[in-house]
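# Structure assessment
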Amino acid sequence: MMAARSAQQRGFTLMEVLIAVSITSIIGIGVWQVVNNIIKAREGVDEIAVQFEGIQKLMLMLERDLGQVVNRPVRNIYGDFEPAFSTRQDGFGLVLTRQGWRNPLGLRRSGLQRVAWEYTGEEIRRHYWVMLDKGQEETAPRNELLLSGVKDFSIRFLTVNREWTDQWPSEEVMASMMPGQLPSVPMPMGVEVTLEHERFGELTRLFALPDFDQTEADSLAAMEQGEGEGEGEGEEDAGGAL
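So, here is what we can say about the structure in this document.

About the thresholds
- Residues numbered from 1 in each chain as written.
- Predicted model: local features only at pLDDT ≥ 70, side-chain atom pairs only at ≥ 80, totals over all residues.
- Heavy atoms only, no water.
- Core = buried A, V, L, I, M, F, W, Y, C linked by side-chain atoms within 4.5 Å.
- Buried < 20%, exposed > 50% of the residue type's maximum accessible area, 1.4 Å probe, protein only.
- Helix = DSSP H or I, 4+ residues; strand = E, 2+ residues; numbered from the N terminus.
- Contact = heavy atoms within 4.5 Å.
- Patch = residues over 30% accessible without salt bridge, like charges linked within 9 Å, V, L, I, M, F, W, Y side chains within 5 Å.
- Areas by Shrake-Rupley, 256 points an atom, 1.4 Å probe, with all protein chains shown as cover.
- Salt bridge = Lys/Arg side-chain N within 4 Å of Asp/Glu carboxyl O.
- Phe/Tyr/Trp six-rings, centres within 6.5 Å; stacked < 30°, edge-to-face > 60°.
- Lys NZ or Arg CZ within 6 Å of the ring centre and 35° of its normal.
- Pairing = 2+ DSSP bridges.
- Axes fitted to C-alpha atoms, helices over the stretch in contact; angles between N-to-C directions.

This paragraph deals with the nonpolar core. In this structure, Leu58, Leu62, Leu66, Phe85, Trp117, Val191 and Leu195 are the most contacted members of the largest nonpolar core, which totals 27 residues. Breaking this core down by element, the ones donating at least two residues are helix 2 (14–67), strand 4 (94–98), strand 5 (113–119), strand 7 (142–148), strand 8 (150–158) and strand 10 (190–197). Of all the elements, helix 2 adds the most residues to this core, at 6 residues. Those residues within four positions of Phe85 in sequence are excluded, and the remaining contacts are Leu66, Val69, Leu94, Val95, Leu96, Phe157, Trp168, Pro169, Met187, Pro188, Val191 and Leu209.

Structure, rendered in structure tokens:
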């Protein structure tokens, strides 16, 4: 009787326990590897999505800037005019004046915006100034990082003669500009932007620029300057009244 009860209460042997633990460990390791691979794959997909979103945002900002460009020259800190659309400014690949700058807060500023595109060697940044014409106390432009991991970035321009050039304005036009005189610089017909990304390779986008009436552009420039002078006089009058 005692022998039968002892046989019924007998537990697992050490070998059985080791086998069970080994099987459980193997299953656990397999599950961990599967989960780890899924997490790594998700992180890789998220990284690609962020980089692709950066390229989309960059192209969208370029399209907006080039699609709303206006031929409105600006004054530098020395009072001399600079072309509205130029690659001649040090440190920037392209500088332009654009319209359509929204003003939801109703600030006292122009609806035009001075924008610059910079390639640092691995990043593309977009800069903009609050004021079109720079003063002696002009603050540094605000900038935004749009895309990193860029191996090369180039811009070229289509002239009215259907020829491509890497600089704008041309050397002849720059030589004809006189200090203090409002420049009459034509706009290119199109802009081709090419960038090489470390993940997506070479990407090329062609933008067509809007047609301009030079007389209308000159009128717009004169109107903007008049508004700026009027605002300055208004502020002085208000200060005197206080």
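Below, the discussion takes up a nonpolar patch on the surface. Side chains of Met15, Ile19, Ile23, Ile27, Val31, Val35 and Ile39 sit close together on the surface and give an oily, nonpolar patch of about 650 Å² of accessible area. Considering the arrangement of structural elements, one finds Val31 in helix 2. You can call Val31 partly exposed: its relative accessible area is 48%.

This part takes up unusual backbone geometry. With the exception of glycine, the majority of residues adopt a negative phi angle, and the majority of peptide bonds are in the trans configuration. Cis rather than trans, the peptide bond between Trp168 and Pro169 has omega equal to -5°. Structurally, Pro169 can be placed in the loop between strand 9 (164–165) and helix 3 (171–176). Of note, Arg162 is a non-glycine position whose phi angle comes to about 60°, a positive value. By the secondary structure assignment, Arg162 is in the loop between strand 8 and strand 9. Residue Arg162 is classed as exposed on the basis of its relative accessible area, which comes to 56%.

Now for the packing of aromatic side chains. Inspection of every chain in the model, using the stated rule, returns 6 aromatic pairs. Between the aromatic rings of Phe92 and Trp129, the centroid separation amounts to 5.9 Å while the plane-to-plane angle is 80°, which identifies the pairing as edge-to-face. On the criterion of sequence distance, the pair formed by Phe92 in the loop between strand 3 (85–86) and strand 4 and Trp129 in strand 6 (residues 123–129) is long-range, its members being 37 residues apart. The two residues Phe92 and Trp129 agree in class, both being buried. Chaining the aromatic ring pairs together yields one cluster made of Phe85, Phe157 and Trp168. It is Arg156 that lies over the ring of Trp164; its NZ or CZ is 4.3 Å from the centre.

It is possible for side chains of opposite charge to pair when their charged atoms get near one another. Across all of its chains, the model carries 11 salt bridges by this definition. The salt bridge involving Asp65 is made with Arg98; its shortest N-O contact spans 2.9 Å. Linking Asp65 in helix 2 with Arg98 in strand 4, this pair joins segments that are 33 residues apart in sequence. Comparing Asp65 with Arg98 shows no difference in burial state: the two are buried. Across the salt bridge formed by Glu196 and Lys151, the nearest N and O atoms sit 3.9 Å from each other. Note that Glu196 is positioned in strand 10 and Lys151 in strand 8, a separation of 45 residues in sequence. Judged by relative accessible area, which is 53%, Lys151 ranks as exposed. Three or more residues are tied together by salt bridges with common partners; here these are Asp65, Arg98 and Arg126.

Attention now goes to the sheet that holds strand 7. Spatial strand order, 3-4-5-6-7: 5 strands in an open sheet with antiparallel pairing. Lying at the two open borders of the sheet, with one neighbouring strand each, are strand 3 and strand 7. With 6 bridges connecting them, strand 5 and strand 6 associate as antiparallel partners. In the strand pairing of strand 6, Ala116 is matched with His127. Its contacts with the sheet put helix 2 on strand 3, strand 4, strand 5, strand 6 and strand 7, and the angle it makes with strand 7 is roughly 130°.

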